Each structure stands twice: as C-alpha cells, then as structure tokens.
Amino acid sequence: MTKQRIEKDSMGDVVVPADALYGAQTQRALNNFDISDIRLPRAFIRALGLIKQACALSHQAAGRLNSAMATAIAHAAQAVAAGDYDEQFPISVFQTGSGTSTNMNANEVIATLASRALGAAVHPNDHVNMSQSSNDVIPSAIHVAAALQIQEQLLPALAHLTETIERRAEELKSVVKTGRTHLMDALPITLGQELGAWAGQIRSNSQRLEEGLARLRILPQGGTAVGTGVNASAAFGAEVAAQLSHLTGQAFVASSHPFEQMSAQDTAVEMSGHLNTLAVSLMKIANDLRWMNSGPLAGLGEISLPALQPGSSIMPGKVNPVIPEVVAMAAAQVMGQHVTLTIAGQSGNFQLNVMLPLIAHNLLNSIDLLSRAARSLTDKAIAGFTINTERLQQTLAQNPILVTALNDEIGYERAAQIAKRAYQEGRPIFDVALEMVDTLDAEQLRRLLDPIGLARGARSL
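Residues numbered from 1 in each chain as written. Predicted model: local features only at pLDDT ≥ 70, side-chain atom pairs only at ≥ 80, totals over all residues. Heavy atoms only, no water.

Undergrad: Teacher, can you tell me more about the overall build of the protein chain here?
TA: On a plain count of helices and strands, the protein chain comes out with 18 helices and 10 strands. What you see for the protein chain is a C-alpha radius of gyration of 30 Å, clearly larger than the 23 Å of a compact globule of 461 residues, by over 25%. Expressed along its principal axes, the backbone C-alpha trace of the protein chain runs to roughly 100 × 50 × 35 Å. Looking at the protein chain as a whole, 50% of its 461 residues qualify as buried. A sequence separation of at least 24 residues applies to 72% of the contacts in the protein chain between residues at least 6 apart. If you sum the accessible surface of the protein chain, you get close to 21000 Å²; carbon and sulfur atoms cover 53% of it. Treating the 34 positive side-chain charges of the protein chain as one cloud and the 41 negative ones as another, the clouds have centres 3 Å apart. (Helix = DSSP H or I, 4+ residues; strand = E, 2+ residues; numbered from the N terminus. Rg over C-alpha atoms; globule rule 2.2 N^0.38 Å. Buried < 20%, exposed > 50% of the residue type's maximum accessible area, 1.4 Å probe, protein only. Contact = heavy atoms within 4.5 Å. Areas by Shrake-Rupley, 256 points an atom, 1.4 Å probe, with all protein chains shown as cover. Lys, Arg positive; Asp, Glu negative; His and termini not counted. Charge placed at Lys NZ, Arg CZ, Asp CG, Glu CD.)

As structure tokens, then:
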C-alpha cells in the first residue's frame, strides 16, 4: 500500500500520500474534483510559479518577509516555474471556479520546498500567499501565461509561416493558373498572388495578437479578494509587475482598476477571438492546399504536396494531404474552444469570474495548438510542395473565362458566345475567338488573352 501521512487544514485532518509535496487543501480538491484527468497546462503552472517568485521578491524588497524566507520561497517558486515539480500539480481543470485549489496547490508545494531549504516552517497561506488571493493570482496567471506563450511560441511560428509563404510566392510569381470563384473557373492569377493572400492573412493575425498583448500585460495582482487590495500594500501590484518584467523580459504593469480584470475576463475573450480568427485563416489555407493537391487525375492536380505516409489501408499507392487535414482539425478544435471560452468569459458574478481554470485551459491550449499547427503547415506542406506545370497550362489554355478580356472590344454578349462555344468544343479560347472576331487580329488577341497580362491586370492593347 502507498504510504500516507495526515495533514491538517482549517476543516480538519486529511490523508495525503506520504511523498506528496502538497498538503491538505490540494488533497481535498483531488477527492472532490474527480470528473476529469485534464490538468492545467504547463504554461499556466509556469506563470503561477513566476507570480509566487515575484511576490516573494517584492516582499523581500519591502521588508515584509525576512531575506532567508523570501529567498527560500523565491527559489522554490522558480523551480515550480521551471517545471521541476509538474507531477505535484494533479488537480483537474474542472475544479472550483476561482482556481483556489490550484493556487493552494502551488502555495503548499512551494511552502514544503521552502521549509526544507530553510530548515524552518514556511506557511502556505501566511508566507507563500502573503498579500495575495486566488482571485487576483489566477487571473494574473492567465494573463502572464498567455502573454509568454504568444510571445515565445505563437508569434515566432507565425513569422516562420509568413516568411516561408512569401519565399514561395516570390519563387512562383510568374507561374499563372486559373483563378476560381465559387469553385468555378475565373480569371487567371499567379501562384505568387494566391500565396501572397495567405501571407497577408497571417501578417494580419500577427498584428492582432501583438495589439492584444498590450492588454494581456496588464495584471490585477494586488487586488486580493475583491479588487480593493485588502491585506496588500498600495504599491504591491506595481512591485510584483516590475519583478515579473525582470524575470520574463516582458513589460507587465499593474492594473489601475483590478476590479475589472477580476470580475471579468474580457481580455482573455478578446485574445481567444484573435486565436479563433487565426484558426479560420489556417483552415482556409489548409483547404486551399487540399483542393490544389486534389486528384492527381480526377481532381485539380495543380500541386503535389510532400508524400509523408501511405494514405489507405486498402488502396495501394494512395497518398493523402495529411498535414492540411491535421491543421484543419486543430483549427476546428480552437474554434470550439473559443465558443466554450466565450461562455466562460460571461460567467462573472459580481466581483469574480467563476470559470477561471476553464478559461486558462482553453486559451493556453489554443495558443499551443495553433503554434504547432502553423509550424507543421509551414515545414511539412508549404515549404515542399511542387508545381504541376503541365496541368496548370492545360487548364489555363482551355479556360473560357479568359474571354472576359474581350468585353471592352466586342461586348459581353459576343464574348459569352465565344466562351460557350469554346467550352462546348473543348478548344482553347484563342482559337475560337480568332474564328469569331474579325475586328481583332491574331497579335491583338494574343495580347488581350495573355494569361500573365490578365493576372497583372493589363487592360490595353
């Protein structure tokens, strides 16, 4: 049998595994919240550790904790932030809505580690949680974790994706293909232009995220229980923000109105909305790649994505666009998580939102998913697809919509007759137009119907 020990809290005795670093309140949460094994993400535990470290350093600087105890707490919190004790954070996402259980989990683990290092008792509430409440710690941890994850993980992934798309766009700037609207043939476009639209989408998403980061870096720490800052000094929030800025390299600041960020989670909802938009963009790009790669005989067959694995357990030789499919599924998951986070975001009752752990999980999971999806799409699909030039040229030559270039010369109705005949007879539009138009010679028709000229918007003779 697993060895056990007895821990006490304000409600009495609790049986805890003998080797656990946590104490009674963590164990109570494990006993009570057994509906899921989903834990809060590593990024959140990191942020929680950083906040506890910053608080201890702030107390040391202000003389509220003696140097030895503050140092012991700060070192223990730093180890938690580094991931050295992740197995000691077993509480489910689905717990008390304030995240109090996870805050106390951190307090208890850090207190145990600090007590061992100090050789004296460090109390989880009185010392580790000094001048803090779950009600300001957990919202602050959501902001810190998301800001760090976006800055360190997502934005670099999007920059890599944008740079790769733009490089491929430059390579393919002279490759002309049939454009499509409503999935039907339309006027010509270059592959460079098509990919340029993708790059524009990703650049816009990066800009939205960067703009939102400014609000994520505003923290309610120091508001304590309800936003009034009871049991904390007036300068505590600013001191903690300054310490966090030093520890992370990001410019965190204390909120001038912590009531807002404790009672509501509008910034988290905003950032989730930006992530939802990014998911939409990635799914659009992934689906374009799937269509362009489709076939290779009965589909569009314009490009060939890298062949990564057999595509069928029964059809030999079949290869599927697995990376775009994976990215589309990840995007769908993020979209669903945004709906959940939106519901959670409006679950603020008076001075506190009571779905904070769920908000933390969905926001951070979406950032992680999109970061990984963007890199996968970049390196395993966009960087390596090849062009099926013969197929592009064949479909382009027979595209009856090229006749649009003749509208100004022969009128819409006459041009429509040429397009219909070319389509019915399966002939190039140039050949049919040469037969049916006597006001333009072959050289003029070639110039008007030149696909590259049309792709560049050329309109004159």
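Undergrad: Just to check I follow, could you spell out a nonpolar patch on the surface for this structure?
TA: Taken together, Ile35, Ile38 and Phe94 make up a surface patch of nonpolar side chains, about 300 Å² in accessible area. Along the chain, phenylalanine 94 turns up in the loop between α3 (67-82) and α4 (100-118). (Patch = residues over 30% accessible without salt bridge, like charges linked within 9 Å, V, L, I, M, F, W, Y side chains within 5 Å. Salt bridge = Lys/Arg side-chain N within 4 Å of Asp/Glu carboxyl O.)

Undergrad: Just checking my understanding: could you explain the pairing of strand β1 (residues 4-9) for this structure?
TA: Where a strand is regular, its side chains alternate between the two sheet faces. Of the strand pairs in this sheet, β1 and strand β2 (residues 12-17) are connected by 6 bridges, and their pairing is antiparallel. Residue glutamate 7 lies in a different strand from β2, and its bridge partner there is valine 14. The turn linking β1 back onto β2 is made up of 2 residues. (Pairing = 2+ DSSP bridges.)

Undergrad: When you look at the packing of aromatic side chains in this model, what are you seeing that I'm missing?
TA: Within a pair of aromatic rings, the relevant descriptors are the distance that separates the centres and the angle that separates the planes. Tallying each qualifying case throughout the model produces 0 aromatic pairs. Across the ring face of phenylalanine 385, the terminal group of arginine 168 is positioned such that the distance to the ring centre comes to 4.4 Å. (Phe/Tyr/Trp six-rings, centres within 6.5 Å; stacked < 30°, edge-to-face > 60°. Lys NZ or Arg CZ within 6 Å of the ring centre and 35° of its normal.)

Undergrad: Teacher, can you tell me more about the nonpolar core here?
TA: Generally speaking, a soluble globular protein has its nonpolar side chains buried in company with each other. In terms of nonpolar packing, the biggest core is built from 107 residues, with Phe44, Ile73, Leu244, Leu289 and Leu363 touching the most fellow members. With 17 residues, the top contributor of residues to this core is helix α6 (residues 134-171). If we skip the residues at most four places from it in the chain, leucine 363 touches Ile142, Ala146, Ala268, Met271, Ser272, Leu275 and Leu341. (Core = buried A, V, L, I, M, F, W, Y, C linked by side-chain atoms within 4.5 Å.)

Undergrad: Looking at this model, I keep getting lost on the pattern of salt bridges. Mind explaining?
TA: Pairs may arise between side chains of opposite charge once their charged atoms sit close together. Throughout the structure, instances matching the rule amount to 20 salt bridges. A salt bridge links lysine 8 to aspartate 13; the nearest nitrogen and oxygen atoms lie 2.6 Å apart. Between arginine 180 and glutamate 302 there is a salt bridge, and its shortest N-O distance comes to 2.6 Å. Taken as a pair, arginine 180 in strand β3 (residues 176-181) and glutamate 302 in the loop between α10 (266-293) and β7 (303-304) lie far apart in primary sequence, 122 residues in all. Residue class for arginine 180 comes out partly exposed when judged on its relative accessible area of 28%. Under the relative-accessibility criterion, glutamate 302 is labelled buried at 3%. Salt bridges sharing common partners tie together Lys177, Arg180, Glu194 and Glu302.

Undergrad: Sorry, what's going on with the packing of helix α2 (residues 42-62) against helix α8 (residues 236-248) here?
TA: Angle between the axes and distance between the axes are the two parameters that describe a pair of packed helices. It is at 8 Å that the axes of α2 and α8 come closest, and there the two elements cross at 120°. As far as their axial angle goes, α8 and α2 are oblique. The way α2 lies across α8 gives a crossing that is right-handed. In this structure, α2 uses Leu50, Ile51, Gln53, Ala54, Cys55, Leu57, Ser58 and His59 to contact α8, whose residues at the interface are Phe236, Glu239, Val240, Gln243, Leu244, Leu247 and Thr248. (Axes fitted to C-alpha atoms, helices over the stretch in contact; angles between N-to-C directions. Parallel < 35°, antiparallel > 145°, perpendicular 65-115°, else oblique. Left-handed = near helix turned anticlockwise from the far one by under 90°.)

Undergrad: I keep staring at the side chain of serine 133 and nothing clicks. Help me out?
TA: Its place among the elements puts serine 133 in the loop between α5 (124-128) and α6. In this structure the side chain of serine 133 is engaged in a polar contact, spanning 3.0 Å, whose partner is the backbone nitrogen of asparagine 135. Excluding its chain neighbours within four sequence positions, the residues that come into contact with serine 133 are Asn103, Thr224 and Ala225. (Polar contact = N/O pair within 3.5 Å; in protein donor to acceptor, adjacent residues only side chain to side chain.)

Undergrad: How should the environment of alanine 117 be read in this particular structure?
TA: Examined against the element boundaries, alanine 117 turns out to sit in helix α4. Taking the C-alpha atoms as reference, alanine 117 lies 9.2 Å from histidine 75; in sequence the two are 42 residues apart.

Undergrad: What's the story with the pairing of β3 in this structure? I'm lost.
TA: Sheet topology places β3 next to strand β4 (residues 184-190); 5 bridges connect them, and they run antiparallel. Bridge pairing links lysine 177 to isoleucine 189 in β4. Joining the antiparallel neighbours β3 and β4 is a turn of 2 residues, in which histidine 182 adopts a positive phi near 60°.

Undergrad: It is not clear to me how α3 should be interpreted in this structure. Could you clarify?
TA: Owing to its 3.6 residues per turn, the α-helix aligns residues three or four sequence positions apart on the same side. With 16 residues, α3 ought to run about 22 Å at 1.5 Å a step, and its terminal C-alpha atoms sit 22 Å apart, in line with that. What α3 keeps buried is the set Met69, Ala70, Ala72, Ile73, Ala74, Ala76, Ala77, Ala79, Val80 and Ala81. Taken together, the buried residues of α3 touch α2, α4 and α5. Between the side-chain oxygen at the start of α3 and the backbone nitrogen of alanine 68 there is a gap of 3.2 Å, and the oxygen is on asparagine 66. One or two positions beyond α3, positive phi appears at glycine 83, with a value near 95°. (Expected span 1.5 Å × (residues − 1).)

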